[in-house]
Every structure is written in structure tokens, then in C-alpha cells.
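Below, each chain spelled out in residue letters.
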Amino acid sequence: MNDVEHDTLDSLQIDFPPLLDWEDVQQDEREDRLGFARRTTYALLTLSGSGLVEGFDGGNQPGLESARRTVALFQAHLRQMQHFAEIAEVRLEQVAKALAVDA
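Caption draft 1: Quick peek at the overall build of the protein. Of the regular secondary structure elements, the protein holds five helices and zero strands. For the protein, the succession of helices and strands along the chain, N to C, is α-α-α-α-α. The buried share of the protein, taken over its 103 residues, is 8%.

Okay, structure coming up:
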């Protein structure tokens with residue numbers, strides 16, 4: 001590859017600044033724990049397995065445990081929402097029956 005091609009390839013490489021720094025992440029977690037848990041869960045689903053292993057490798061056991069707790073929080077929320085949806089469905093059936101009797 002000649003110098004011109006190399007310069008062209010370097011000029012095409014764009015280095016984006018990080019969207020959040022660690023303080024922003026921690027503030028996000030404090031202010032919106034459930035939203036943070038949802039975004040973390042979805043982010044974990046989009047990363048490759050090797051990327052996850054690499055990210056939690058090197059003695060990052062506290063990070064792995066924190067991620068597990070965060071995903072568990074979102075899972076508990078989803079279970080609760082499913083329970084509420086089932087209750088709402090039963091109530092709607094009761095309303096439908098009451099309307100059918102009145103008609």
C-alpha cells in the first residue's frame with residue numbers, strides 16, 4: 001500500500017467521543033434504576049459472547065455481579081408487569097360480562 005492510500009484510510013477513520021463517562025452512568029443508575037436495568041439488559045443482548053467475556057475478564061468479577069443484579073432487577077420488573085397485565089385482563093373480562101348482561 002502506498003503512502004497516499006494509507007493517508008486516505010486514516011482520514012476515513014473517525015474517532016467518536018464517548019457518549020457517557022462513568023459519572024454519567026452512575027448518575028443514570030441512581031436516577032432511573034429500572035430504565036438503567038432495561039438498557040443494560042438490551043445492551044448485553046446486543047454484545048457478542050466474546051465481547052462479553054473480554055469485558056468481564058481480567059478480574060472484573062464485581063462488574064459481572066453488578067450486571068447480573070441489574071438484569072435480575074429488570075427480570076423481576078417484567079414478572080411484576082406480567083402479573084399486573086393478567087389481573088387487568090381478568091378485570092376486562094369481568095367488564096365485558098357485565099356489559100353483556102346489561103345489553
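Caption draft 2: Spatial organisation of the packing of aromatic side chains. Scanning the model with the defined rule gives one aromatic pair in all. Look at Y42 and F74: their rings are 5.8 Å apart centre to centre, the planes differ by 80°, and that puts the pair in the edge-to-face class. Linking Y42 in helix α3 (residues 33-46) with F74 in helix α5 (residues 61-102), this pair joins segments that are 32 residues apart in sequence.

Caption draft 3: Examining α3 more closely. For α3, with 14 residues, the first-to-last C-alpha span of 20 Å sits near the 20 Å given by 1.5 Å per residue. The inward-facing, buried residues of α3 contact α2 (22-31) and α5.

Caption draft 4: Looking closely at the side chain of T70. Along the chain, T70 turns up in helix α5. The residues contacting T70, other than those within four sequence positions of it, are F36, A37 and T40.

Caption draft 5: Geometry of the packing of α3 against α5. Their axes nearest at 8 Å, the elements α3 and α5 cross at an angle of 110°. The orientation of α3 with respect to α5, classified from their angle, is roughly perpendicular. Helix-helix and strand crossings are classified by hand; for α3 and α5 the assignment is left-handed. Contacts between α3 and α5 pair R33, L34, F36, A37, R38, T40, T41, Y42 and L44 from the former with A67, T70, V71, L73, F74 and H77 from the latter. For the contact of α3 with α5, the per-class residue count stands at nine nonpolar, four polar and two charged.

Caption draft 6: Structural context of the side chain of T41. Tracing the chain through its elements places T41 in helix α3. Judged by relative accessible area, which is 12%, T41 ranks as buried. Filtering out sequence-adjacent residues up to four positions away, T41 remains in contact with V71 and F74.

Caption draft 7: Spatial organisation of the pattern of salt bridges. Under the criterion given, the structure shown has two salt bridges. The partner of R39 in a salt bridge is D32, and the shortest N-O contact between them spans 3.9 Å. With relative accessibility at 32%, the residue R39 sits in the partly exposed group. Take D32: its relative accessible area is 34%, and that puts it in the partly exposed class. For the salt bridge of E65 with R68, the shortest nitrogen-to-oxygen distance reads 3.7 Å. Remark: R68 and E65 occur in helix α5; sequence separation between them is three residues, near one turn of the helix. Judged by relative accessible area, which is 29%, E65 ranks as partly exposed. Note on R68: relative accessible area 53%, which makes it exposed.

Rules used in this analysis
Residues numbered from 1 in each chain as written. Predicted model: local features only at pLDDT ≥ 70, side-chain atom pairs only at ≥ 80, totals over all residues. Heavy atoms only, no water. Helix = DSSP H or I, 4+ residues; strand = E, 2+ residues; numbered from the N terminus. Buried < 20%, exposed > 50% of the residue type's maximum accessible area, 1.4 Å probe, protein only. Phe/Tyr/Trp six-rings, centres within 6.5 Å; stacked < 30°, edge-to-face > 60°. Expected span 1.5 Å × (residues − 1). Contact = heavy atoms within 4.5 Å. Axes fitted to C-alpha atoms, helices over the stretch in contact; angles between N-to-C directions. Parallel < 35°, antiparallel > 145°, perpendicular 65-115°, else oblique. Left-handed = near helix turned anticlockwise from the far one by under 90°. Nonpolar A, V, L, I, M, F, W, Y, C, P; charged D, E, K, R; others polar. Salt bridge = Lys/Arg side-chain N within 4 Å of Asp/Glu carboxyl O.

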